[in-house]
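# Geometric and topological summary
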Amino acid sequence: MTQLTIRSASVAEFAAAVDWAAAEGWNPGLDDLEVFHRTDPQGFLMGWLDGKAVSSISVVRYGPDFGFLGFYIVHPDHRGTGAGLATWNAGMAFLADRVVGLDGVVDQQENYQRSGFEFEGRNVRLTGVPELPVSSEASSDLRAFTPADEAALLAYDRPFFPDARDIFARSWVRPGSSASRASKLALRDGEIIGYGVARACRSGYKIGPLFAEDDQTARNLFIALCKDLPLEGSAGSEVSLDVPESNKAAVALAEDFGLQQVFETARMYRGTIPALPWQKTFGLTSFELG
């Protein structure tokens, strides 16, 4: 194999990896890359042969102690050449001694275990056209996110992730460049008790995160977010929700609205497995950045 060069990629360069992810059936959001890359501009690596991108990995640093790994892809024409292992090693070196999380697809989980990752729990993607109550009305304690809510939302979000992710979260809850995202807050006595984000994807929509203090709040948020659809730019009407299988109420919520399982991953960690409030997690933020 010609010498592989691995380096950080720009947004424009890493767009090729997003296309590869789409080809693998991961259904990226229309504006995901813009927010993802802003979180850690140096953490999106690509391998190059003769000036052509052949491999990718995202290794996003959230503070000094935690990182999340995603977009580990080798172009089909270059699999079995060593490009994948070299890119993996570069990504792991970039994260150094941090605890590292990932959502591993089924056929890679044994490889991740050999690299020191331990299984934490199974996540499932449920997809379908939501069957919403005909007479449902948005609850009076639900409203759209505004910039004035930022500090309170970041404080609410913090326990749901192993490290602070303020750069990511403050961008994620705002509308995308093509008005492709919508965010809703649930409040009680003026305090946030849940929030969710819906975004347009290559096909249909994803809702994530969907965090709530209880099942009814999560259901109210899900209905309200679905009522905001269609968002500009999406070609489909299906909605996907990625849920931790251990949260039975989250699985039941998705199934009650007519969504069905289409995909699964394993949440895995290298290093100490963080204690997160999975029973309040009704929808994961993303498989790519955690």
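Residues numbered from 1 in each chain as written. Predicted model: local features only at pLDDT ≥ 70, side-chain atom pairs only at ≥ 80, totals over all residues. Heavy atoms only, no water.

### Comments concerning the pairing of strand β10 (residues 205–212)
The buried fraction of β10 is high, at eight of eight residues. Here strand β9 (residues 191–200) hands over to β10 after four residues, with Gly-204 in that stretch at a positive phi of 70°. The pairing of β10 with strand β11 (residues 239–244) spans three bridges and is classified as parallel. Bridge pairing in β11 places Ile-207 opposite Leu-241. With two bridges joining them, β10 and strand β13 (residues 281–283) adopt antiparallel strand pairing. Counterpart to Phe-211 in the pairing with β13 is Thr-281. (Buried < 20%, exposed > 50% of the residue type's maximum accessible area, 1.4 Å probe, protein only. Helix = DSSP H or I, 4+ residues; strand = E, 2+ residues; numbered from the N terminus. Pairing = 2+ DSSP bridges.)

### Considering the nonpolar core
Ranked by size, the top nonpolar core spans 41 residues in total, and within it Phe-14, Met-46, Tyr-62 and Tyr-195 carry the most contacts. The element best represented in this core is helix α1 (residues 11–23), accounting for five residues. Once you skip the residues sitting within four places of it in the chain, Phe-14 turns out to touch Ala-9, Leu-33, Phe-44, Leu-45, Met-46, Ser-56, Ile-57, Ser-58 and Phe-71. Core analysis: the next-biggest nonpolar cluster, separate from the first, contains 29 residues, Leu-126, Ile-207, Ala-218 and Val-239 among them. (Core = buried A, V, L, I, M, F, W, Y, C linked by side-chain atoms within 4.5 Å. Contact = heavy atoms within 4.5 Å.)

### Considerations on the pairing of strand β5 (residues 99–104)
Within β5, five of the six residues are buried, leaving the element largely enclosed by the surrounding structure. As defined by bridge partners, strand β4 (residues 66–74) adjoins β5 across four bridges and the pair is classed as parallel. Note that in β5 the partner of Leu-69 across the bridge is Leu-102. Taking the sense of rotation as the criterion, the β-α-β connection linking β4, helix α3 (residues 83–95) and β5 turns out right-handed. Looking at chain direction, β5 and strand β12 (residues 260–270) are connected through five bridges and run antiparallel. Along β12, the bridge assignment pairs Val-100 with Arg-270. (Right-handed = clockwise from strand over helix to strand, strands pointing away.)

Geometric descriptors of this kind do not, in isolation, establish any biological role.
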